[in-house]
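Examination of the molecular architecture
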Amino acid sequence: MERYICIHGHFYQPPRENPWLETIEVQDSAHPYHDWNQRITAECYAPNSASRILDAQGRITAIVNNYAHISFNFGPTLLAWMERHAPATYQAILDADAQGRKTFSGHGPAIAQAYNHIILPLATRRDKETQIIWGIRDFYHRFRRPPEGMWLPETAVDTETLAILAEQGIRFTLLAPHQARRFRRADGPWQDCNGGIDPTTPYQVHLPSGRTIAVFFYDGSIAHAVAFQDLLHNGEAFVQRLVSAFREGRPWPQIVHIATDGETYGHHRPHGDMALAYALHALRSRRLARLTVYGEYLSRHPPAYHVEIVENSSWSCAHGVQRWRTACGCHTGRHPEWSQAWRAPLREAMDWLRDTLAPLYEEAAARLVRDPWAARNDYITIILDRSPEVWQAFLSQHARRPLSLHEQVTLRKLLELQRHTLLMYTSCGWFFDDISGLETVQVLQYAARALQLGEDLFQRPLEPDFLRILERAKSNLAEHGDGRRVYERFVRPAMVDLKRVGAHYAVSALFESYPPQTTVYSYSVEQEDLQTLSMGESRLAIGRLKVTSQVTLESARLCSAVVHFGGHNLVGGVRELRDEEAHPLHTEELTHAFLRADIPAVLSLLEQHYTAATYSLHSLFRDEQRRIIARILQATVDEAETVYRQLYQRHQPLMRYLVSLGYPLPRALHRAAEVALNADLRRALNGNGLDWARLTTLVQEAQTWQVGLDRETLAHLLREALERLMERLADSPDDIPLLKHVKDGVAVARTLPFAPDLWKLQNTYYTLLQHVYPDYQRRAQQGEGEAKVWLDLFTALGGLLAVRVP
């Protein structure tokens, strides 16, 4: 009997980018990471690209790329983020698919996903087509091959969705066992599934068009144990559970396969990646079954059964797809008493916006392109590459005629409007417990961007009607009221236009030296003129600039004036330059008022010439705002630290005497020691020359006075310092003094009360072990003394990093 096992991971996070900036702003709930994508990459996506297999002593015996041995899909929007912000992990995912093709008879482990995780049965046919086409095109762009399969968001399915998959060349998809309605063998009688189906064989769906598509129904009980129970706590138990699912007495091939959120392996279940790595290794090495992926299995063993699906069903809602449009009773379990009645008006508001904008888009776009909806389907090429060359190729294919720059801007805005009406349906907006949640605010931001573009393009008010529907979406939290208040409180302040980008640039230019041309998130800024004046702590900057959206190509010429009176006291203005203005007339007046320290006159001139378009530190985008505030505060912090250090150094003899007597330190002296030593430790770890003895001495001092250490920050700094040294060693592995310095540093790190994460060091060490160590072994055996020294140091470093050296 042929026995196959396939483990599928659905790796996905909702898009989190600010729709106007095309970047993720800091998310405090993800602390100590910048945002949730960064945190989950550290906890799951990266570990699965370099997962550990341990021996009985807990030493690393192998580091493996799990993705190369499982079936997986990644959300396209997540991969787009990863390509920019986690390139090493991104490349490891692409490499895993290439490696897997060699293992699995030319069939890659990766499958595609509908683009931004909308519930396809609730979408219009046109939106389904775009989502599927974008998912396929994104996949091809990254993996350089057409996808064989596609993951349906939440496995939500209807026959129309399957028909579109088949039309687009998709061979198979995955569903939950309860999504099968009835099945039969060849021309035999239909049998009801009664909520379940044999998952050890594939099935074929016959579609109204005459096409077919294969469906794999995963093993629900094992998948549930992996996701929601403790099966990943023991790798061997995971192996045995998988193997036990084979059904005895069946002469035909069987496939045991499961599908879960990929984040289970590390984020939801810490070290779940290691349980997965162990299971994959055990299955291969003990030949308990043949690991496969769906494309390979399907080519070897085509479906022998036909199946009909349960229409409008999903894997995470017992009521079909109601979780994404009604208060069906499905929730996260955190607030069982809360109502989800807000879901219906939220869906109604989105549907109203989509259906209002669609005919307006079609009419306006038809003046510029031959087929507005074909252009939308092809817009994924621009999303993936916004270079002028790709844009011109797009116009050559779709434009009715050569378009002026103004018409090109209009077309870009129309296509962006459509992109955001798709993004606003991202499923996570309805999944959780309240309309004020992070994910729902995110989809409301996408809707707001569509509203902004729609009002600009069609010169008609859209937001008031949208908000009237949202008023019916009641929050479970009294302070948030309803959807309108959530929108006004969390969405509207995030909205951006070209003036606000100019204001951000003008304010930050007081603290940052910009080149004449620079990029501010998804905007380019050209500095036409900038004058800066200083007087005491006060500074004035007056300038002219041109801001251009890299997304829509829209641009504006602006003039700005910003004055900083020291501390957080900052005020400025930005407005569009009129065509006849070569230089703002108020510049000279403002300069004279500033130089004579006439603050009321400065403020009066700003108010007079910039009216409503005045800005402050509040106008900065969140990350830059925090960076500048930290910079403003740094002088105060440095001054305070200096005072504490002087107090600490002056009274050290007294403090030692008090400790020898067993007398408690006065609170002021204890605080002085805490501030001074934490500051000195930060400086020691930030410096170029790392002195391990100095670091140890400072920690011992802190322990002497029993002061609290900022362990999280110090561990972070120490990790970064060691990683920099290890990267240098990877570039210069023959540098014996550097090898000794790294070894000594890791030895010290293991003794400190803020031990850092050594994951990256272990990865680099393992690479050196594979590629450099064998040469030194050979040279040492030949009697080369220097090679013996290197080998001893390298082996000692391996012991400190818990890597087994052969």
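Data block above holds the structure.
This is a predicted model, so every value here is computed, not measured.

Before going further, it helps to examine the overall build of the chain. The helix and strand inventory of the chain stands at 30 helices and 20 strands. Since a compact globule built from 806 residues should have a radius of gyration of about 28 Å, the 31 Å found for the chain is in line with a globular shape. Its C-alpha atoms put the chain at 95 × 80 × 55 Å along the principal axes. Relative to its full complement of 806 residues, the chain shows a buried share of 56%. When contacts within the chain are restricted to residue pairs at least 6 apart in sequence, long-range pairs at least 24 apart make up 69% of them. When the accessible area of the chain is evaluated, it comes to approximately 34,300 Å², of which 50% is carbon and sulfur surface. The positive charge centre, built from 87 side chains, and the negative charge centre, built from 93, are 4 Å apart in the chain.

Let's shift gears to the layout of surface pockets. In this model, the second largest pocket occupies a volume close to 1,600 Å³. Contributing to the lining of the second largest pocket are 45 residues, with Asp261, His268, Thr332, Phe431 and Phe432 lying nearest its centre. Among the elements of the structure, α1 (36-49), α6 (220-228), β12 (254-261), α15 (428-431) and α16 (438-458) are those that each provide at least two residues to the lining of the second largest pocket. The element contributing the most residues to the lining of the second largest pocket is α6, with five residues. When the residues that make up the lining of the second largest pocket are grouped by side-chain class, the tally is 18 nonpolar, 17 polar and 10 charged.

Before going further, it helps to examine the sheet that holds strand β9 (residues 191-192). With respect to topology, six strands assemble into an open sheet ordered β7-β11-β10-β14-β8-β9, the strand pairing being mixed. The strands lining the two open edges of the sheet, one partner per strand, are β7 (172-175) and β9. Pairing geometry for strand β8 (residues 180-185) and strand β14 (residues 305-309), over five bridges, is antiparallel. Looking across to β14, one finds that Ala180 is bridged to Ile309.

This paragraph deals with empty space enclosed by the protein. Scanning the entire structure with this criterion turns up six cavities of 30 Å³ or more. When its volume is computed, the largest cavity comes out at roughly 80 Å³. Along its surface, the largest cavity is lined by Pro14, Pro15, Arg16, Gln27, Thr426, Cys428, Gly429, Leu438, Glu439, Gln442 and Val443. Mapped onto the lining of the largest cavity, the elements with two or more residues apiece are α15 and α16. Top contributing element to the lining of the largest cavity by residue count: α16, with four residues. Residue classes in the lining of the largest cavity are distributed as five nonpolar, four polar and two charged. Computed from the structure, the second largest cavity encloses a volume of approximately 60 Å³. Lining the second largest cavity, in full, are Tyr505, Ala506, Ala509, Gln527, Asp529, Leu530, Ala541, Gly543, Arg544, Leu545, Ser560 and Val562. Put simply, the parts of the chain that give the lining of the second largest cavity at least two residues each are α19 (498-508), β16 (523-535), β17 (538-549) and β18 (555-564). Ranked by the residues each element gives to the lining of the second largest cavity, the list is headed by β17, at four residues.

Turning our eyes to something else, we now look at the nonpolar core. Within the largest apolar cluster, 182 residues are counted, with the highest numbers of intra-cluster contacts made by Ile7, Phe74, Met82, Phe238, Met350 and Phe466. Apart from residues no more than four positions distant in its own chain, Phe466 is found in contact with Ala349, Met350, Trp352, Leu353, Leu444, Ala447, Leu451 and Tyr487. Counting residues in each nonpolar core, the second largest holds 65 residues, with Leu714, Tyr776, Val803 and Val805 among its members.

This next bit is on unusual backbone geometry. Cis geometry marks the peptide bond from His31 to Pro32; its omega dihedral reads 10°. You will see that Asn194, though not glycine, has its phi angle at about 55°, which is positive. Assignment of secondary structure puts Asn194 in the loop between β9 and β10 (203-206). Here the phi dihedral of Leu553 falls at roughly 75°; this positive angle occurs in a residue that is not glycine.

Residue position: Thr155 is located in the loop between β6 (150-151) and α5 (159-167). Residue contacts for Thr155: discarding those within four places in its chain leaves Leu174, Leu175, Ala176, Gln179, Ser313, Ser314 and Trp315.

Time to look at the environment of Gln762. Here Gln762 lies in helix α28 (residues 759-771). Owing to a relative accessible area of 13%, Gln762 belongs among the buried residues under this scheme. C-alpha of Gln762 to C-alpha of Gly798: the two residues are 36 residues apart in sequence and 8.3 Å apart in space. Ignoring anything within four residues of it in the chain, the contact list for Gln762 reads Arg52, Ile60, Ile63, Leu801 and Val803.

This next bit is on the packing of aromatic side chains. Scanning all chains against the criterion turns up 33 aromatic pairs. Ring geometry for Phe11 against Tyr45: centres 6.1 Å apart, planes inclined by 70°, an arrangement best described as edge-to-face. Placement of Phe11 in strand β1 (residues 3-11) and of Tyr45 in helix α1 is noted, with a sequence separation of 34 residues between them. For the pair formed by Phe11 and Tyr45, the shared burial category is buried.

Judged by how many residues are buried, strand β11 (residues 212-217) sits mostly within the fold: five of six residues are covered. Of the pairings in the sheet, the one linking β10 to β11 comprises four bridges and is antiparallel in character. Each residue of the ladder has a partner; that of Tyr203, found in β11, is Val215. Connecting β10 to the next strand, β11, in antiparallel fashion are five residues, including Gly210 with a positive phi near 100°.

A separate point is the side chain of Thr130. Considering the arrangement of structural elements, one finds Thr130 in helix α4 (residues 125-143). Taking relative accessible area as the criterion, Thr130 reaches 0% and is therefore assigned buried. Those residues in contact with Thr130, other than ones at most four positions away along the chain, are Arg376, Asn377 and Leu422.

Attention now moves to a nonpolar patch on the surface. Together, Leu654, Tyr657, Leu661 and Tyr663 give the surface a local cluster of nonpolar side chains, amounting to about 460 Å² of exposed area. You can see Leu661 is positioned in the loop between α23 (652-660) and α24 (667-686).

The next point concerns α16. Helix length check: α16, at 21 residues, gives a terminal C-alpha distance of 30 Å against a target of 30 Å (1.5 Å per residue), a fit within 8%. Burial analysis of α16 places 15 of its 21 residues in the buried class, the great majority of the element. Directly beyond the C-terminal end of α16, a positive phi value near 50° is found at Gln459.

Rules and cut-offs
- Residues numbered from 1 in each chain as written.
- Predicted model: local features only at pLDDT ≥ 70, side-chain atom pairs only at ≥ 80, totals over all residues.
- Heavy atoms only, no water.
- Helix = DSSP H or I, 4+ residues; strand = E, 2+ residues; numbered from the N terminus.
- Rg over C-alpha atoms; globule rule 2.2 N^0.38 Å.
- Buried < 20%, exposed > 50% of the residue type's maximum accessible area, 1.4 Å probe, protein only.
- Contact = heavy atoms within 4.5 Å.
- Areas by Shrake-Rupley, 256 points an atom, 1.4 Å probe, with all protein chains shown as cover.
- Lys, Arg positive; Asp, Glu negative; His and termini not counted.
- Charge placed at Lys NZ, Arg CZ, Asp CG, Glu CD.
- 1 Å grid on protein atoms, 1.4 Å probe; cavity = no way out; pocket = protein on both sides within 12 Å on 5 of 7 lines; lining within 4 Å.
- Points joined across faces, edges and corners; volume = space filled by probe spheres on them.
- Nonpolar A, V, L, I, M, F, W, Y, C, P; charged D, E, K, R; others polar.
- Pairing = 2+ DSSP bridges.
- Core = buried A, V, L, I, M, F, W, Y, C linked by side-chain atoms within 4.5 Å.
- Phe/Tyr/Trp six-rings, centres within 6.5 Å; stacked < 30°, edge-to-face > 60°.
- Patch = residues over 30% accessible without salt bridge, like charges linked within 9 Å, V, L, I, M, F, W, Y side chains within 5 Å.
- Salt bridge = Lys/Arg side-chain N within 4 Å of Asp/Glu carboxyl O.
- Expected span 1.5 Å × (residues − 1).

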